[in-house]
Structure formats: structure tokens, C-alpha cells
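Take a look at the letters that make up each chain.
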Amino acid sequence: MVNEDESVFGLVGGNDRSHAVFGEKILIGSVLVLFGWTVALALVAVWLRWLGHLQLRQRRRVEAAWRNKVDDLVLRGMLLPPVPRREQPVVLELLLHYRALLRGPEAARITAYLEEQGYAQRAAQELRARNRWRRARAADLLGRMRSETAVNALVRRLRDESEDVRAVASRSLAAIGHPRAVAALAAALADPSRWTASAVAADLVEMGPAAVPTLIEIASATDSERPGASDAAVTAVRVLGEIRDPRAEPVLIWLLGAAHDVNMRARAAAALSGVGGPRTSPALRAALRDREWPVRAQAASSLGALRDRSSVRALSAAIEDDSWWVRRNCAEALAKLGEPGRSALARLAASRDRYVRDRCLAALENLALEAKAGLPTPDGKTGMPPAPPARPHP
Amino acid sequence: VSTFVAVINTCFLCYFLALDVVYATLFAISFYESGRHVRRLALGADDIVLQSPLTPPISIVVAALNEEATIVASVDALRLLEYGEFEIVVVDDGSTDATLARLKGAYTLVRSTAPLRNQLPCKPVHAAYVSRRLPNLVVISKENGGCKADAVNAGINAARYPLVCVTDADAVLDKDTLLRIVRPFIERPRETIAVGGTVRVINGCTVSAGRVTRVGAPRNLLAALQVVEYMRAFIATRTAWSRLGGLFLISGAFGVFRKAAVVEVGGFNPKAIGEDMELVLRMHRHFRAAKRPYRIVFLPDPVVWTEAPETLKGLRSQRKRWHRGLLQCLWWNRGMLLRPSQGMVGVLGLPYLWIFEAGGTVVEVVGYAVITVAAVTGALYVPFLLLFVLLAMAYGVALSVSALVMDEARSQRSQSSWDVAWLLLCTVLENFGYRQLMAVWRFAAMVEMFTGRKATWDPLKRKGFKTG
């Protein structure tokens, strides 16, 4: 016979039977609450699924109804009849889809229509919403509309409290491509959020030569005596390297020789490989004697990327460097310099220094491998697409 | 007797209540965080990562031991990832099957004599191979080290990029996985040292050209139960631990580490059974001791798919190893416990593991024993016991269903209504046998550990993927 007052799992096991009854009631109540919660969630899952299907069907129906009218607007400039409010999001998406695909008068027609009908204005107003996701969505829409009327509002959003909004605003400004946006974007490289800075860097690369003068200004503002170069300046140098505009050569060479910060000098060396120019190779050869190994390693890599055969001698000397990375990059660079580089590697492969010998043998082996695989050699013997160049990594 | 019973009852109920509160809190935090993450993804974060010159290159390290069934498919999947610049380093850890031969045949490997930097300790490397077909593929063949840690260390030695992604040979990564997981490294490059992503079960899914093209629930009950379990573990709790700053585990199936940080702490420990958790805890300890700012993060959306065992034998072996790994890590890092100087890991993460993960097994098994004894001695009040068991089950089901619905609402990977219904049913079924089995295996692992039986790295037998 079970004694309820002294039972296991009788809640308190005391002498008061009412405790056990009370405990049972709590348990039953809890089970019912959890059961209700589970059923409600399962119903939510069903509802979400059903809602998703319904929205998809609705969207397809509205798209089908408006596609021809939108075509008339885009291709023939005919007026679009008033769009019912509930169908506006779908029609807007349709127009933005066309806007992303088209250039020229058709694209301009879509932007003009969106501005005339107040879509751009409404999105600009949304940029002041309290909810950050609404602000971000509005910034995204304005960028996709390519509405120049929103440039000022978007520039202000580059100082938004949310890094997500700042990143989207930057992308939208780059998409609009207005000259007024360049300075604001370049200034945003100093954003405390590296995510925003990363987005801005991608956008400035996309804007290309238009951004170069401002980037040069930021990069040259680096104080050569200061121990840590600012993130903005270093990022500006990286972006300049990606844009590959020859106007950046003087400032990059100056930074390579004069910047106090090791990272800045190494980044300048990397950027020079993309920019090139008459003074680049001598500057990089001089950097092979830099006091810091990351700069020397990067300079070696960049000399290889430039494929300037006059660097063979300097690289052959630098291959005896104390740093593993410098030796490695020198050997790889020599392998890219055609026959003179290959001869230097063959000569150095007989070196008494085991590290030098190993690196040279490895580089020669890679050359042989590339030749067998049909990959292009430095002499350009094959017409196959080249292997993706490895990003220099000191 | 009544006092003893009262103490037992109160202890069990307090434990149960605390467990429920902890899980509910973790779920609430995860719900908020995953919502934020999904909204961020919708704003085109992938494009920014893809286009930005600040995106760092990644070395993907794949440890393979007797993976002939899936190795080529895995490498194919990896080489098609969407990412700017990356390399694949496959480490053949002394396979006795045709793993290396398959790789040689598929990618035209040739031997390389390029010297490797032995920054981390590992067993001798027999040879390094490079591919004539894929310029960014390196294969390392080494002596078997008896554990995954040794193989991964060899891979990290061969890696040339500043970030190292560690994954399994049988894992399939979504094409945008790297784009998503690298974001914390871009956001805070100086502090972020490790990022983990969600591991999901690939059984039941269709794989085409190295990608999961259709998400489906496995028909095998054991695998389906694991789907629910993984969902609960990754979606409902790990995001929360990351938010709290107390993340104690980045799954060995998928994680990205800053190579310099891994080298600084000495790499993966070959003596650790749960080498993934051991590394993460050691990183916490090292950077805390050095008083250097660091971040270890989990993101819910970079997804990697992995095959779950479909046999009891395979599952038992896997779970016993996991539990022994957990216990070993907890013991090795007992000095961090409840130390404010160790941050949230020491104050919250480790106590959670001790009390609810390691202690939970003991409580559960002791609970079954007490009930048995009580039943024999006639001290069992059956109606209350049944209600209590029902409540525990209802809570478990509610938590699993919540995770499932959250995944359904936020994931971009839709599965059929039948699959969702089947998984919902599994949230109930796992209470009848599966959970008890887990408790028994974990308890057995604990006993084996205390009796000193040695653990081995015994990878599961792979069936391969269902191709579309």
C-alpha cells in the first residue's frame, strides 16, 4: 500500500497531504500550459506555411496582371495606370527588377516614374523611422531605385547609429554613383565599425577611378611618424590597390618608404603590385631591405606579380633572408619572372643553405607542375585560363 | 524516512525547475538573436563579403580517415563554394582504404617537396601533394595519429592563409557558408579568433553537384530523432551562449579559426577526446590569462551538413565519445569553474555543463534507480510520478517544437509539409526510449572513463549521399 505522505515524487513528502494535492494541481496545470504552447506553435507552423503559399500565389497573380503594363512603361514610355495600394509592393519589386537589369533611357524612365509616384519620397521618409530594419530596408530600396533625390538623405544615414543601416546606405550611394557621394563614402572608411568600412571599401572599388583623388587624400593624410596608421588610411590604400589607377603610384611609393606603421608599408607594397608604373619596381626592390619582414615579404610578392625581369638580381639576393615568408615569396616571385627567374632558381637550388635550396626546389617543382597541367607559364606558352592569383599574405 | 524522501523530492524538483528556466532563457535569447541575424542576411551581407577587398582568404582543412565513399564528393562540394579566395587542405590521416587513391585519381595529384612549417605538433607527414587540376588543392598524407586533432594540426601547418576552416570529410557546406561565417572576422578583425556555424543532418536530403538541393527529413527513425536533437542544440541554445559571451564549443564538424590564435595556444590537443571543445576552452583560458580582448562567436546561419549514424552501434560509439570528451574537458578546465576572471564561460558556461550536461546524466540515472527502489519498497506514489514524467516530456516536446518552428520560420531551406509533420512526431517519439538510451550511454561513458578504458577515434561508416 502506498503511503502518499512519504512517497517519492510526492512534491514535499511531508505530513501534510494537501501539499501533495497542491503539487499535483501545479503539475497538471504546467502540463496543460505546455501542451497548449506546443499545439499553438504547431498551428503557427501550419499558418506560416499556408501564409507563405498564399503570398506566393498572390504575388504571381499580381505580377502576371501588371507585367505587360510595366513593359509598356519601360519600353514605350506609356503611362502606368494607378496601382492599388495592396499591389504596390509587388509592382515596385517588378520595376526594381527591371531597373537592375537595364541601362540607358529605359532605366531612367523607371527611376523617374518611381520618383513621380512618390515611391522614392516615401522611402526617404522611412529613412527616419525609429526601427533600424525599416531604415535599412528604405536605404536599400533607394539604392535600387537609383534615385539621386535621396543622395543627401543617404549620406546622412552614413552616420546612423546602426552599422547595418550605415552599410546599406553606403551600398545604395555607390549604386546611385553620384559624385557628391564619393567624399562621404571615403570619409566613412573611418567608421568605427569595420563591417561598415568593409562595405564602404567594396563600394569604393565599384565606383572605381571617380573615388581615386579622395582616396589618395585619405591615404596621404597618414602621419609617417605615428606608430599606428589609421584603419581608414590602410583601407584606402587597399582600395587603391584594387582600383589599379596609376594616379595612386606616387602616394603609395611614399607610404612604402616613409610610413611608420608596418602594416601600412606592407599594404602599400601590396597595392603597388596592382597599380604598377615606372617607379614602382625600384621602390619595391628597395623595400626588400626594409627592417620589418612583412614589408620585405610583401615587396617580394609584388615584384613577382609585376613580372619585371630586372628584379631577378634583387630577389636572388633577398632569398637568403632570415624570414621564412620572405624566402618563400622570393622563390615564388622568381618563378614568375620567366627564363631569367628560372635560371636564378636553378642556380640557387644548389645553395648550401638548406632553406634556400628547399624553397627554390619547391618553386621549380611548381613551375614544372604548371607546365604539365597546361597552366600558363611566365613565358605565356598556353592559352588556358590562368590559375587565380594568390592574395599576398605576409 | 520522510525527511530523506522530502530532500530527494525537493532536490529533483529544484533541479528540474532550474533546468527548465535555463533552457527557456537560452531559447528566448536565441530567438531574438537569430531574428537579428536573418534580417541582416536579407540586407545583402553576402554581397558585401564577396566584393570587399577586406575579406580575408581562408584555408579549409579537411581531416579524412577511411573516407573513400565521400571524399571526392566532399572536395567537389568545397571547390564550388562561393568565396573570393580560399584553398583546400585535405589531410589523409593514414587511411587504410582508398581515400588517397581516390583523390589522386580524381584530381591528378603529384607529389610536392615544398617544405612545411611545423608550427603545431603532429605525427610525421609522409608526403604532400598538389593537384594539376585544382591550383588551390593540397593533400597531406601522414602517419595515423589516432585522433582527429593530430590530422587537423598537420592541415593547419600546411595552411597558408590567416583563417583556417576546420571541417569533416563527410561534411557538405552550403555554397554561401564561408561568406556568412567570415562576417565576425571582418566586423572585429583584431578580436575575433573563432566562429562556429550550425551543423545539420544530411540524411534524407538530396545532394546534387556537391550541394544540398532538397532538404528532407530522414525516413530512418534514429536519424530523424537526431535531426530534432541537433536543431534543439544548435538553434535553441548555442546562439544564446554566443550572445552571452560564454560559448564553450565550436563543433569539430565546422568552425573557422584565426590561425595565429590556434598556433599561439598550441593547436588541437591530440590527447583530448573532444578536441573541439578542449581547444575552445583553452583559447578562453589563454586569452583571459593574457588579458587580451578576444571573441568566440556562433552564427546560426552558416550551415554545414553531416551524416548522422543510422545504427544503434554507430550512434552509441559517437555519443559515448562525445560524453567522454565533455567530461575530460570539464576536468581539465576545472580551474576555470566559477572564476569571475574567466568571464561568462567560467561563471555561466562551465557551471551549466557541470550541472546540466555532465550532472544531468547522473541525476537521470539516479532518478531511475530511486524510482525502482521506491517501487520495490512501496514508497512510490504512482499518480504523481506519472504527472511528473508527463510534465518533463511536455517540456521537452515544447522546446523541440519551438526550435522546429523557429527553424521553419527563419530558415530559407523549406522542406515538405510531410517532413515537418514527421519531425513534429519525432519530438514526441524521442521521449520513448531515445532519451533514456542517451542517458544510459552517457552514464556508461562516464563509468568507462573512471575505469580508465581508452577512447579511440573511430569514424562512422559512411553511406554516402542521396544524389539528385
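Per chain, the residues get numbers from 1 upward, laid out in the order the sequence is written. Ligands are numbered from 1 and chains lettered from A, in the order in which they are written. The predicted origin of the model limits local features to residues at a pLDDT of at least 70 and limits the giving and counting of side-chain atom pairs to 80 or more, whereas totals for whole chains, interfaces and linings rest on all residues. To get the side-chain values, take all heavy atoms of the structure and skip hydrogens and water.

The next point concerns the overall build of chain A. Helical segments are the DSSP runs of H or I of at least four residues, strand segments are the runs of E of at least two, and each set is numbered from the N terminus. Summing up its helical and strand segments, chain A has 19 helices and zero strands in all. Counting over 394 residues, chain A shows a buried share of 50%. Residue contacts are defined here by distance: any two heavy atoms, one from each residue, within 4.5 Å place the two residues in contact. Of the contacts formed within chain A by residues at least 6 apart in sequence, a portion of 62% connects residues at least 24 apart. Where accessible areas are quoted, they stem from the Shrake-Rupley method and a 1.4 Å probe; at the residue level, only the protein chains shown are allowed to cover. Put simply, chain A shows about 19300 Å² of open surface, and 55% of that area lies on carbon and sulfur atoms. Per-residue accessibility, obtained with a 1.4 Å probe over protein chains only, is compared with the maximum for each type, and a residue is labelled buried under 20%, exposed over 50%, and partly exposed between these values.

The next thing to look at is the packing of helix α10 (residues 275–289) of chain B against helix α11 (residues 312–332) of chain B. Residue and element names in this part refer to chain B. Two numbers describe how α10 lies on α11: the axes approach to 9 Å, and their chain directions differ by 20 degrees. As the angle between them shows, α10 and α11 are arranged roughly parallel. You can see that α10 and α11 cross each other, and the crossing is right-handed. In this structure, α10 uses Met277, Glu278, Leu281 and Arg285 to contact α11, whose residues at the interface are Leu326, Cys329 and Trp332. Residue composition of the contact of α10 with α11, by class: five nonpolar, no polar and two charged. Only the contacting stretch of a helix is used when fitting its axis, a line to C-alpha atoms as for every element, and angles between N-to-C directions run 0 to 180 degrees. Here the angle decides the label: under 35 degrees means roughly parallel, over 145 means roughly antiparallel, 65 to 115 means roughly perpendicular, and every other value means oblique. Helix crossings fall into two classes, left-handed where the near helix is turned counterclockwise from the far one by less than a right angle and right-handed where it is turned clockwise. Amino acids are sorted into nonpolar (Ala, Val, Leu, Ile, Met, Phe, Trp, Tyr, Cys and Pro), charged (Asp, Glu, Lys and Arg) and polar (every other residue, Gly among them).

A word on the confidence of the model for chain A. Residues and elements named next belong to chain A. Confidence scores labelled pLDDT are given residue by residue by the predictor and lie between 0 and 100. Model confidence for chain A is summarised by a mean pLDDT of 84, while 86% of its residues fall at 70 or above. At the level of individual helices and strands, chain A shows its lowest average pLDDT in helix α19 (residues 354–373), which scores 75, and its highest in helix α14 (residues 280–287), which scores 95. Low pLDDT, under 50, characterises residues 1–6; the stretch is placed with 16 contacts to residues that sit more than four places away or in other chains.

Take unusual backbone geometry next. A positive phi angle is found at arginine 146 of chain A, which is not glycine, with a value near 55 degrees. With respect to the helices and strands, the residue arginine 146 of chain A is situated in the loop between α5 (132–145) and α6 (151–157).

Turning our eyes to something else, we now look at the sheet that holds strand β2 (residues 86–92) of chain B. Paired through backbone hydrogen bonds, the strands of a sheet run either parallel or antiparallel to each other. Residue and element names in this part refer to chain B. Pairing in this open sheet of 10 strands is mixed, and the strands run β3-β4-β5-β2-β1-β6-β11-β8-β12-β7 from one edge to the other. The open sheet has two free edges, formed respectively by β3 (109–112) and β7 (172–173), since each of these has just one partner strand. Looking at chain direction, strand β8 (residues 192–201) and strand β12 (residues 295–306) are connected through eight bridges and run parallel. By the bridge assignment, threonine 192 is partnered in β12 with arginine 295. A pair of strands is considered paired only if DSSP assigns at least 2 bridges between the two.

Residues and elements named next belong to chain A. Over its 14 residues, helix α13 (residues 262–275) runs 20 Å from end to end, which matches the ideal 20 Å to within 8%, given 1.5 Å per residue. All of the buried residues along α13 are Met264, Arg265, Ala266, Ala268, Ala269, Ala270, Ala271, Leu272, Gly274 and Val275. Those residues of α13 hidden inside the fold are in contact with α11 (231–243), α12 (249–258), α14 and α15 (293–306). Just beyond α13, the residue with positive phi is glycine 276, at close to 70 degrees. To estimate how far a helix should reach, multiply one less than its number of residues by 1.5 Å.

Attention now goes to the nonpolar core. Among buried residues, those of type Ala, Val, Leu, Ile, Met, Phe, Trp, Tyr and Cys that are joined through side-chain atoms within 4.5 Å constitute a nonpolar core. Counting 140 residues, the largest nonpolar core has Val90 and Met283 of chain B as its most contacted members. Take this core: its biggest share by element is 12 residues, from helix α8 (residues 221–244) of chain B. Leave out the neighbours within four places in its chain, and methionine 283 of chain B touches Ile193, Ala194, Phe257, Ala261, Val262, Val265 and Ile296 of chain B. Counting 109 residues, the second largest nonpolar core, distinct from the first, contains Leu94, Leu127, Trp133 and Leu173 of chain A.

All names here are of chain A. Tracing the chain through its elements places methionine 78 in the loop between α1 (17–76) and α2 (88–101). Using a relative accessible area of 42% as the deciding quantity, one classes methionine 78 as partly exposed. In this view, methionine 78 contacts Asp72 and Leu73; residues no more than four positions away in its chain are not counted.

This paragraph deals with the pattern of salt bridges. Residue and element names in this part refer to chain B. The working definition used for a salt bridge is a side-chain nitrogen of Lys or Arg within 4 Å of a carboxyl oxygen of Asp or Glu. Inspection of every chain in the model, using the stated rule, returns 45 salt bridges over all chains. A salt bridge links arginine 292 to glutamate 264, with the shortest nitrogen-to-oxygen separation between them at 2.5 Å. Linking arginine 292 in the loop between α10 and β12 with glutamate 264 in helix α9 (residues 259–265), this pair joins segments that are 28 residues apart in sequence. Judged by its relative accessible area of 37%, arginine 292 falls in the partly exposed class. Of the charged contacts, one joins arginine 435 and glutamate 430 as a salt bridge, the two residues approaching to 3.5 Å between their closest N and O atoms. Taking relative accessible area as the criterion, arginine 435 reaches 27% and is therefore assigned partly exposed.

All names here are of chain A. Look at helix α17 (residues 324–335) against helix α18 (residues 338–348): their axes get within 7 Å of each other, and the N-to-C directions meet at 135 degrees. When the axes of α17 and α18 are compared, the pair comes out oblique. Of the residues in α18, those in contact with Ala331, Leu334 and Ala335 of α17 are Gly338, Gly341, Arg342, Ala344, Leu345 and Leu348. Grouping the amino acids of the contact of α17 with α18 by side-chain chemistry returns six nonpolar, two polar and one charged.

The next thing to look at is the interface of chain A and chain B. Facing 68 residues of chain A, the contacting portion of chain B comprises 71 residues. When two components associate, each loses some accessible surface as probed by a 1.4 Å sphere; the sum of these losses over both components is called the buried area. Both faces combined, the contact of chain A with chain B buries some 6300 Å², and carbon together with sulfur accounts for 65% of it. Here chain A is connected to chain B by five salt bridges. For the purposes of these results, a polar contact is taken to be a pair of N or O atoms within 3.5 Å, where, inside protein, one atom must be able to donate a hydrogen and its partner to accept one; residues adjacent in sequence count only when each atom of the pair is a side-chain atom. Inspection of the chain A/chain B interface yields 13 residue pairs in polar contact (both at pLDDT 80 or more). At the level of elements, α1, α5, α7 (163–176), α9 (194–207), α11, α17 and α19 of chain A are the ones that each hand at least two residues to the side of chain A that touches chain B. It is α1 of chain A that provides the largest number of residues to the side of chain A that touches chain B, a total of 16 residues. Here the side of chain A that touches chain B is built from residues that sort into 37 nonpolar, 10 polar and 21 charged.

Turning next to the packing of aromatic side chains. Residue and element names in this part refer to chain B. Pairing of aromatic side chains requires ring centres within 6.5 Å, counting the rings of Phe and Tyr and the six-membered ring of Trp. Pairs whose planes differ by under 30 degrees are stacked, by over 60 edge-to-face, and all others tilted. Counted under the stated rule, the structure contains 14 aromatic pairs over all chains. A ring pair is formed by tyrosine 352 and phenylalanine 356, whose centres lie 5.9 Å apart and whose planes are at 55 degrees; its orientation type is tilted. Within this pair, tyrosine 352 and its partner phenylalanine 356 are both found in helix α12 (residues 343–377), separated by four residues, close to a single helical turn. What makes tyrosine 352 buried here is its relative accessible area of 7%.

The next thing to look at is a nonpolar patch on the surface. Residue and element names in this part refer to chain B. On the surface, a cluster of nonpolar side chains totalling about 270 Å² of accessible area is made up of Val362, Val366, Phe443 and Val447. Counting only elements with at least two residues in the nonpolar patch, the list comes to α12 and α15 (434–451). Position of phenylalanine 443 among the secondary structure elements: in helix α15. A relative accessible area of 30% places phenylalanine 443 in the partly exposed class. For patches, a residue must show more than 30% relative accessible area and have no salt bridge; joins then use 9 Å for like charges and 5 Å for nonpolar side chains, namely Val, Leu, Ile, Met, Phe, Trp and Tyr.

Let us now look at the side chain of arginine 327 of chain A. Residues and elements named next belong to chain A. Mapped onto the fold, arginine 327 is located in helix α17. Owing to a relative accessible area of 8%, arginine 327 belongs among the buried residues under this scheme. Not counting residues within four places of it along the chain, the set of residues in contact with arginine 327 comprises Ile319, Asp321, Asp322, Tyr355, Val356 and Arg359.

Moving on to the side chain of glutamate 278 of chain B. Residue and element names in this part refer to chain B. With respect to the secondary-structure elements, glutamate 278 resides in helix α10. There is a polar contact of 2.8 Å between the side chain of glutamate 278 and the side chain of arginine 282. The contact partners of glutamate 278, leaving out residues within four places of it in the chain, are Asn269, Ala272, Cys329 and Trp332.

What follows covers α17 of chain A. Since there are 3.6 residues in each turn of an α-helix, residues three or four apart along the chain are aligned in direction. Residue and element names in this part refer to chain A. Over its 12 residues, α17 runs 17 Å from end to end, which matches the ideal 16 Å to within 8%, given 1.5 Å per residue. Burial analysis of α17 places 11 of its 12 residues in the buried class, which makes it a mostly covered element. Considered for burial, the residues of α17 that qualify are Trp324, Trp325, Val326, Arg327, Arg328, Asn329, Cys330, Ala331, Ala333, Leu334 and Ala335. A side-chain oxygen of the first residue of α17 lies 3.3 Å from the backbone nitrogen of tryptophan 325; this N-cap is serine 323.

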